[in-house]
Amino acid sequence: MWNQKESKVFIVAEIGQNHQGSVEIAKQMIQAAKNSGADCVKFQRSNLSEKFTPSALTRPYVGPNSWGKTYGEHKEWLEFTLDQYRELQHFAFKLGILFTASAMDFSSFIELEQELVVPFVKVGSGDADNVPLLRYAANRPIPLVISTGMQDWDHVCNIYNTFRHRNDVGLLHCTSAYPTPPQDTLLRMIPLYRQHFPELTIGYSGHELGVQLSVASVALGAKIVERHFTLDKSWKGTDHQASLEPFEFARMVRYIRTLEKTVINNSKSITQHLASVLDQEDYNEEQLHAALRDVTTGDRRLLESEKPCHEKLGKSLVFADNFSCDVVISADNLRVKVSDTKGLTPKLYDSILGKTLKTAVLKDNPVLEQHF
């Protein structure tokens, strides 16, 4: 995959849940991604009761992008069964394109690795702070790709330290804003990642409009490029606007394949290189300069533009069952889920272990400081 040919960028078309809940549309998208030059198609696999608390699943979810009256109904509409995944996997195999998915919870990770036997598992930005899942994944033999949207630099370093013993892990710079403003893409994080995390393969997961900034990520050293993929940006769903249609994705692939053959000796000349590679319709010098602004490690933090995604899908520590006061918290007592309301960040997982409850708590309730 991403380490087979040093000069070749591994390009992923993230179908995600842009398939509208239809296996036939999903097959059309796999075919279109293959025709557009993608190396891999990626979906999203969730066990809803393991990813969300009941309160998060039952909250009303009405609006133009909803497939149900509650968020749970909406997500259930878009979730394929394991047999449907097998059907899509077989379809992709016949076309000669890799097939995988993001594991959005523990059981989905196990299904992808052991039932579907995918070539690698993606851990998305929503689980980049899911400490127990990361530790489990670190000790599994399957290759991994991890996105780092919504995370601060210290936690990205923690992710690196969890996986630095591996030579088959991709770490993607990412901003979880849909779409991402050019100045928030922080593309110069990519050389910082390469400098600080040399054992991992560094890549880019982009959510910006257009293709030029994803192409620019390659000029900065990205060896994996992932973009959301759709057949029609006007379709119902929050991801379509920041996705690429097949003709755009094919142009991006063409630009990347051209650029990866070019020797770039001076990062300051990236705009010149991009201007020579991109068609005029895809080149915007003002946006490129905004994306290429200087950054430091302190710029890798939860950005203002990422807060809506974090509020909607950021995970919390929750209780695994009902517990009485005086219980000493162990790993078996905690879960990591999307909770409404939110609890303590999963980054605090280790600091909660060993603490004693001051009060009784209920299953799936968020873990709060006042409980200890």
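Use the structure listed above.
Reading guide: rules and limits
Residues numbered from 1 in each chain as written. Predicted model: local features only at pLDDT ≥ 70, side-chain atom pairs only at ≥ 80, totals over all residues. Heavy atoms only, no water. Core = buried A, V, L, I, M, F, W, Y, C linked by side-chain atoms within 4.5 Å. Buried < 20%, exposed > 50% of the residue type's maximum accessible area, 1.4 Å probe, protein only. Helix = DSSP H or I, 4+ residues; strand = E, 2+ residues; numbered from the N terminus. Contact = heavy atoms within 4.5 Å. Polar contact = N/O pair within 3.5 Å; in protein donor to acceptor, adjacent residues only side chain to side chain. Phe/Tyr/Trp six-rings, centres within 6.5 Å; stacked < 30°, edge-to-face > 60°. Lys NZ or Arg CZ within 6 Å of the ring centre and 35° of its normal. Axes fitted to C-alpha atoms, helices over the stretch in contact; angles between N-to-C directions. Parallel < 35°, antiparallel > 145°, perpendicular 65-115°, else oblique. Left-handed = near helix turned anticlockwise from the far one by under 90°. Nonpolar A, V, L, I, M, F, W, Y, C, P; charged D, E, K, R; others polar. Salt bridge = Lys/Arg side-chain N within 4 Å of Asp/Glu carboxyl O. Pairing = 2+ DSSP bridges.

### Here's the deal with the nonpolar core
In step 1: Of all hydrophobic cores here, the largest spans 81 residues; its most connected members are Phe43 and Phe163.
In step 2: By residue number, the principal contributor to this core is helix H1 (residues 23-35), which donates seven residues.
In step 3: For phenylalanine 163, the contacting residues outside a window of four places in its chain are Leu134, Ala137, Ala138, Leu144, Ile146, Val169 and Leu200.
In step 4: Formed by 14 residues, the second largest nonpolar core is a distinct cluster that contains Phe319, Leu334, Leu357 and Phe372.

### A few points about the environment of arginine 227
In step 1: Of note, arginine 227 is situated in strand E8 (residues 224-228).
In step 2: In this structure arginine 227 comes out as buried when scored by relative accessible area, which is 1%.
In step 3: Between the C-alpha atom of arginine 227 and that of serine 243, which follows or precedes it by 16 residues, the distance is 6.7 Å.
In step 4: In this structure the side chain of arginine 227 is engaged in a polar contact, spanning 2.6 Å, whose partner is the backbone oxygen of glutamate 208.

### Section: helix H6 (residues 106-115)
In step 1: The set of residues buried in H6 consists of Ser107, Ser108, Phe109, Leu112 and Glu113.
In step 2: On its buried face, H6 sits against strand E2 (40-45), helix H2 (48-51), strand E3 (98-103), strand E4 (121-123), helix H7 (131-138) and strand E5 (144-147).
In step 3: After H6 finishes, the residue valine 117 shows a positive phi value of roughly 50°.

### A short note on the packing of aromatic side chains
In step 1: This model, assessed by the stated rule, comprises 18 aromatic pairs.
In step 2: Seen from their ring centres, phenylalanine 229 and phenylalanine 249 are 5.3 Å apart, and the 85° between their planes marks the pair as edge-to-face. Linking phenylalanine 229 in the loop between E8 and helix H11 (246-259) with phenylalanine 249 in helix H11, this pair joins segments that are 20 residues apart in sequence.
In step 3: Linked through ring pairs, Phe43, Phe80, Tyr85 and Phe99 together constitute an aromatic cluster.
In step 4: The ring centre of tyrosine 71 lies 4.5 Å from the NZ or CZ of arginine 59, which sits over that ring.
In step 5: Here lysine 236 stacks its cationic end above the ring of tryptophan 67, 3.8 Å away from the centre of that ring.

### Quick look at unusual backbone geometry
In step 1: Going from tyrosine 178 to proline 179, the amide bond is cis rather than trans, its omega being 0°.
In step 2: For proline 179, the position within the fold is in the loop between strand E6 (169-174) and helix H9 (189-196).
In step 3: Put simply, aspartate 340 and threonine 341 share a cis peptide bond, and its omega is 15°.
In step 4: With respect to the secondary-structure elements, threonine 341 resides in the loop between strand E10 (334-338) and helix H15 (349-352).
In step 5: For valine 117, which is not a glycine, the phi torsion comes out positive at approximately 50°.
In step 6: Within the fold, valine 117 resides in the loop between H6 and E4.
In step 7: The exposure class of valine 117 is exposed, given its relative accessible area of 57%.

### Considering the packing of helix H8 (residues 153-163) against H9
A pair of packed helices is captured by two measures, namely the crossing angle of their axes and the spacing between those axes.
In step 1: H9 packs onto H8 with a crossing angle of 45° between their chain directions and a minimal axis gap of 12 Å. In terms of orientation, H8 lies oblique with respect to H9. Seen along the crossing, H8 lies across H9 with a hand that is right-handed. Taking contact as the criterion, the partners of Trp153, Val156 and Tyr160 in H8 are, on H9, Met189, Leu192, Tyr193 and His196.
In step 2: A breakdown of the residues in the contact of H8 with H9 according to their chemical character gives six nonpolar, one polar and no charged.

### A few points about the pattern of salt bridges
In step 1: Scanning the entire structure with this criterion turns up 26 salt bridges.
In step 2: For lysine 8, the salt bridge identified is with aspartate 39, shortest N-O distance 2.9 Å. Taken together, the residues span a long stretch of sequence, with lysine 8 in the segment before strand E1 (10-16) and aspartate 39 in the loop between H1 and E2 at a distance of 31 residues.
In step 3: You can call lysine 8 partly exposed: its relative accessible area is 29%.
In step 4: A relative accessible area of 18% places aspartate 39 in the buried class.
In step 5: Residues glutamate 24 and lysine 27 are paired through a salt bridge, measuring 3.9 Å at the closest nitrogen-oxygen approach. Placement of both glutamate 24 and lysine 27 in helix H1 is noted, with a separation of three residues, approximately one turn of the helix.

### Overview of helix H10 (residues 212-219)
In step 1: Burial analysis of H10 places eight of its eight residues in the buried class, the great majority of the element.
In step 2: Buried residues of H10: Gln212, Leu213, Ser214, Val215, Ala216, Ser217, Val218 and Ala219, and no others.
In step 3: Contact partners of the buried residues in H10: H9, strand E7 (201-206), E8, H11, helix H12 (270-277) and helix H13 (285-291).
In step 4: After H10 finishes, the residue glycine 221 shows a positive phi value of roughly 115°.

### Let's talk about the pairing of E8
In step 1: Of all five residues that make up E8, five are buried, and the element is covered over most of its length.
In step 2: Residue alternation in E8 divides its side chains into two sets, Ile224, Glu226 and His228 and Val225 and Arg227, and both sets are buried.
In step 3: Bridging between E1 and E8 involves five bridges; their strand directions are parallel. In the strand pairing of E8, alanine 13 is matched with arginine 227.
In step 4: Where E7 and E8 come together, three bridges link them in parallel fashion. Residue pairing for E8: tyrosine 204 is matched across the bridge by valine 225.

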